[in-house]
Amino acid sequence: MTDTQYLSDWRPYPYEILETRLEFRLDPRATIVRSQIDFRRLAPEDLVLDGAGLKTLSLSIDGQAVSPSLIPQTDGKLIIPAAQLPDSFTLEAEVQIDPEANTALEGLYLSGGMFCTQCEAEGFRHITWYPDRPDVMAPFRVTVHSDQPVLLSNGNPVSSQPGQAVWHDPWPKPAYLFALVAGDLRAISDRFTTMSGRDVALNVWVRPGDEPRAGYAMESLIRSMKWDEEAYGREYDLDVFNIVAVDDFNMGAMENKGLNIFNSKLVLATAETATDGDYERIEGVIGHEYFHNWTGNRITCRDWFQLCLKEGLTVFRDQQFTSDMRSASVKRIHDVQTLRARQFREDAGPLAHPPRPDHYQEINNFYTATVYEKGAEVIGMLKRLVGDEGYRKALDLYFDRHDGQACTIEDWITVFQDATGRDLTQFKRWYTDAGTPRLSLTEEWSDGKLVLNFRQHTAPTPGQPDKPARVIPIALGLIGPNGDEVLPTTVLEMTETAQSFSFDGLGARPVVSLLRGFSAPVTVAREMTADEQALLLAHDTDACARWQAGHDLALDGLIARAQGQEGGAEFIRAIAGLLDDAESDPAFAALCLVLPGEEEIATTMAAAGVTPDPDAINRARTALMLELATAHQTALARLYDAMESKGPYVPDAEGAAHRSLRLACLAYLSRLDGGDRAEALFASATNMTERQGALEQLIAAGRDKDALARFEAEFRQNRLVMDKWFMVQPLRAAAGQAVARARELAARPDFDWKNPNRFRALIAGLTSNHAGFHAADGSGYDFLADWLMKLDPVNPQTTARMCSAFETISRYDAGRQAKARAALQRIAAMPGLSRNTSEMVTRILA
Ligand code: PHE
Ligand code: ZN
């Protein structure tokens, strides 16, 4: 491929835009977009505009037609020579576009009869000719003509009458934040008064009939607005804030200025249709998109290489929000779990890239766990290094200095340096270097002195063979042999490849509670006895390290078993104390009870140089679950009963904690009772959390026929709930049946595969079933490849993103590798393959 973009090629845009005026005449097959863009020259260079799939009806500069020979037929760059342009001018264009044909869901498209847009990253070029790059910012005035009852765009409403609405957004913004919605929508409405007294009208727009399911989204929005004022001093800046739920959406949600557009699964919720996890995600993503108003919109990115400037920071902010709204320790452990499961896996494979990449072919392939989640971890490290006060000072300076600008990671780092006086040259490597450092620890003990010898090593990643040392904040504490904490949390700053730290005057040899709060995104290599791990699990004062100790104990046991040895007995023994005390912190107990997943077992084995056998891993985990269930049957049954819901469902942290412990117990008990409890729970549960939890156990137990039929009969009309039905079957099916089950489901008429939620439900359900997807006969790989090839011409973005299921293939045995590679080669050879998918397949095969 030749169309690689490089960070080093960035040049400032030679024109500024004073105002952008757009006029839409909406029509499903032939929408007319008229644009008037007031340009002013900054440098004597050509004017370059982007366009894709546009039928240009007219194009003029200050009323003078632009020569048709300059206008590309469909895609490409429209270049007007500098010599033909005055210092200031208005470019006027009329183009025709076809929203109904837009199945890629990028630009203006139709979802269930409603017009909506998605412009990040480069969608605006599908709407009209424009400098479609984030560093060109302008105020927008938008007129919409349509017979749809509700017509929305960014900013404040100027006028509205049947068939026409005018919107004005005074805040200069890049085109990727443009949005338009037109449809038969109903709002639930509320108001918010900002800290300086601005009265803001809030609306959550949904399809008629969905209003009763939008309340939680509205409550979450109000909490978000309040939180950003309190935690960051950030206030909302328009008279209205609109959220719209759409059923066809490639991602989770989008922070368009004043008009956030959401995947309906992140808006609509009732106790009967949404799980605790859904509620938590809705609150978190509503917060995320709202927080973008300052970190993303008021201060945006100079170019797409800087994506983590807005995404890493906004994820970090939504994580803080959720920990304030719910339980900080549970949230942290969840975040560590996702980081490990998704980002460490990405960093260890062919798709590894730094949080700030320096080249790409298709930017849509870089909305990744590395940019988002690792980007957030890097900010967490910065905060730990400069302290809470330094962080607050730096953020105040960031908002002060850069409001209204399009910025870089360099700007961000400079703000921290200027606010705190700290040299962050070495720290910057976290942004520019890919890969997860491995931190190893050996200990020396004599005469009350403990010496900790650390080493750091990062394996090469594609294009980056050498990895210099990074600064690693290592938060640790020491736990004495009787369980007392003899050293509270202390942060060591490691800056060298090898570095030692010592602690003197200790009575007896303590156990190191390492990486408290998961203080750096690294893997840890250290020798620990099962007794030491059990000691930490019982006594560590840091929830993250305590959970980690139990988790590692289980992981060691599982890995031993997956290699044909004995293992897990120590974990079963250590968990006894936790079960006795589970009621004091049910959420924590639940987190400790859930065994490491098969994917994580495989990742850990591969990192240690062992070829993972998916079937052996699956058997090891199943067997350990049965053993633990047998050993602790009484305690598990007691807890299962004790955690029964009393009173009405409340989607808060406390209720969710009880339900998560109950379901964790159910997973074990179902191994003993063959699904009796699950069947009873499925029949009696009034909330989706327990309903789905019970259904998953029934599928695992092979006793799912009736339950699936009842579920379907009850929820046939509800797309979002039926997505769950499509997802859990391939996910929880026995490994040997998962592909067959997925095939059956894919043949159903209601497998509406052009809907990204439905496609992902079924396909990701299968690829998340580790042993099922990695079936030795390659059937999982072939099934995935077939469907990716079918979806690619329709929706390249979603297709490309799902190619990452193949990113781990090189860790498996030669037979599986050959089959996976053959499947990928089939995709690569497909005529007309999208640039999105082509880039992903090429990188994975490299
Ligand atoms: N910017 C969105 C978010 O993180 C994600 C997104 C990217 C949505 C690209 C659509 C397209 O909040
Ligand atoms: Zn975001």
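About the criteria used
Residues numbered from 1 in each chain as written. Chains lettered and ligands numbered in written order. Predicted model: local features only at pLDDT ≥ 70, side-chain atom pairs only at ≥ 80, totals over all residues. UniProt positions renumbered as here; feature names shortened; annotations may be inferred. Domains from an automatic or database assignment. Core = buried A, V, L, I, M, F, W, Y, C linked by C-beta atoms within 7 Å. Buried ≥ 20, exposed ≤ 12 C-beta atoms within 10 Å, placed from the backbone. Helix = DSSP H or I, 4+ residues; strand = E, 2+ residues; numbered from the N terminus. Contact = placed C-beta atoms within 7 Å. Pairing = 2+ DSSP bridges. Axes fitted to C-alpha atoms, helices over the stretch in contact; angles between N-to-C directions. Expected span 1.5 Å × (residues − 1). Arc of directions from axis to C-beta. Near = placed C-beta within 6 Å. Nonpolar A, V, L, I, M, F, W, Y, C, P; charged D, E, K, R; others polar. Parallel < 35°, antiparallel > 145°, perpendicular 65-115°, else oblique. Left-handed = near helix turned anticlockwise from the far one by under 90°.

As recorded in an unreviewed UniProt entry, the protein goes by the name Aminopeptidase N, listed as coming from Paracoccus litorisediminis. For the protein, the Catalytic activity (unreviewed entry) comment in UniProt is given as "Release of an N-terminal amino acid, Xaa-|-Yaa- from a peptide, amide or arylamide. Xaa is preferably Ala, but may be most amino acids including Pro (slow action). When a terminal hydrophobic residue is followed by a prolyl residue, the two may be released as an intact Xaa-Pro dipeptide."

**Focus on the domain arrangement of the protein**
On domain assignment, one finds that the protein holds domain 1 (5–184), domain 2 (301–432) and domain 3 (437–527). For domain 1 versus domain 3, the distance between C-alpha centres works out to 53 Å.

**Section: the nonpolar core**
In terms of nonpolar packing, the biggest core is built from 240 residues, with L180, V181, V244, I261 and V267 touching the most fellow members. Here this core takes 11 residues from helix α9 (residues 543–562), the largest share from any one element. Not counting chain neighbours up to four residues away, the residues in contact with L180 comprise F24, L108, F115, T117, V142, V144, L152 and S153.

**Focus: the sheet that holds strand β27 (residues 485–494)**
Taken in spatial order, the 3 strands of this open sheet run β27-β26-β29, and their pairing is antiparallel. Bordering the open sheet on either side are β27 and β29 (511–513), each of which pairs with just one other strand. Strand-to-strand twist in this sheet, taken as the mean axis angle between neighbours without regard to direction, amounts to 30°. Judged from the 3 bridges that link them, strand β26 (residues 472–479) and β29 form a sheet pairing that is antiparallel. Across the sheet, residue L478 finds its bridge partner in β29, namely V512. Contacts from helix α8 (residues 530–539) reach β26 and β29, with the element oriented near 55° to β29.

**A word on the pairing of strand β16 (residues 186–193)**
Across 8 bridges, the pairing between β16 and strand β17 (residues 199–206) is antiparallel. Paired with I188 across the strands is V204, a residue of β17. Linking β16 back to β17 in an antiparallel pair, the connection comprises 5 residues, with G197 at a positive phi of about 95°.

**Structural notes on helix α10 (residues 569–580)**
Across its 12 residues, α10 extends 18 Å between first and last C-alpha, which sits within 8% of the 16 Å expected from 1.5 Å per residue. Buried within α10 we find F571, A574 and I575. When α10 is viewed along its axis, its buried side chains cluster within an angular range of 105° and face the same direction. In α10, the exposed positions angled more than 90 degrees off the buried face are occupied by A576 and D580. In this fold, the buried residues of α10 make contact with α8, α9, α11 (586–593) and α13 (614–631).

**Re the sheet that holds strand β9 (residues 107–111)**
Taken in spatial order, the 4 strands of this open sheet run β9-β10-β15-β12, and their pairing is antiparallel. Looking at which strands have only one partner, the edges of the open sheet turn out to be β9 and β12 (150–153). Between one strand axis and the next, the sheet turns through 20° on average, direction left out of account. Pairing of strand β10 (residues 114–118) with strand β15 (residues 180–183), which is carried by 2 bridges, proceeds in the antiparallel orientation. Looking across to β15, one finds that C116 is bridged to V181.

**A look at the site of ligand 1**
Neighbouring ligand 1 are the residues Q118, E120, A121, M251, A253, M254, E255, H288, E289, E311 and Y367. Among the elements of the structure, β19 (253–254) and α2 (276–291) are those that each provide at least two residues to the shell around ligand 1. Residue composition of the shell around ligand 1, grouped by class: 5 nonpolar, 2 polar and 4 charged.

**As for the UniProt feature "domain: Peptidase M1 alanyl aminopeptidase Ig-like fold" (unreviewed entry) in the protein**
The UniProt entry lists residues 435–525 under the feature "domain: Peptidase M1 alanyl aminopeptidase Ig-like fold" (unreviewed entry), expressed in the numbering used here. In the segment residues 435–525, helix accounts for 0% and strand for 53%; the C-alpha atoms at its two ends are 16 Å apart.

**Quick look at the UniProt feature "domain: Peptidase M1 membrane alanine aminopeptidase" (unreviewed entry) in the protein**
According to UniProt, the feature "domain: Peptidase M1 membrane alanine aminopeptidase" (unreviewed entry) maps to residues 216–430 in the numbering used here. Each end of residues 216–430 is marked by a C-alpha atom, and these two atoms are 37 Å apart; helix forms 56% of the span and strand 9%.

**Examining the packing of helix α3 (residues 307–325) against helix α4 (residues 328–347)**
Contact pair α3 / α4: the axes reach a minimum separation of 7 Å and the direction vectors enclose 140°. For the pair α3 and α4, contact is made by Q319, T322 and S323 and by A328, K331, R332 and D335, respectively. Residues of the contact of α3 with α4, tallied by class, amount to 1 nonpolar, 3 polar and 3 charged.

**Thoughts on the packing of α4 against helix α5 (residues 369–402)**
Two elements in contact, α4 and α5, have axes separated by 10 Å at closest approach and are oriented at 120°. On the basis of the axis angle, α4 is oblique to α5. The interaxial crossing formed by α4 with α5 has left-handed handedness. Seen from α4, the contacting residues are T338, L339, R342, Q343, E346 and D347; seen from α5, they are A369, T370, E373, K374 and E377. In terms of residue class, the contact of α4 with α5 is made up of 2 nonpolar, 3 polar and 6 charged.

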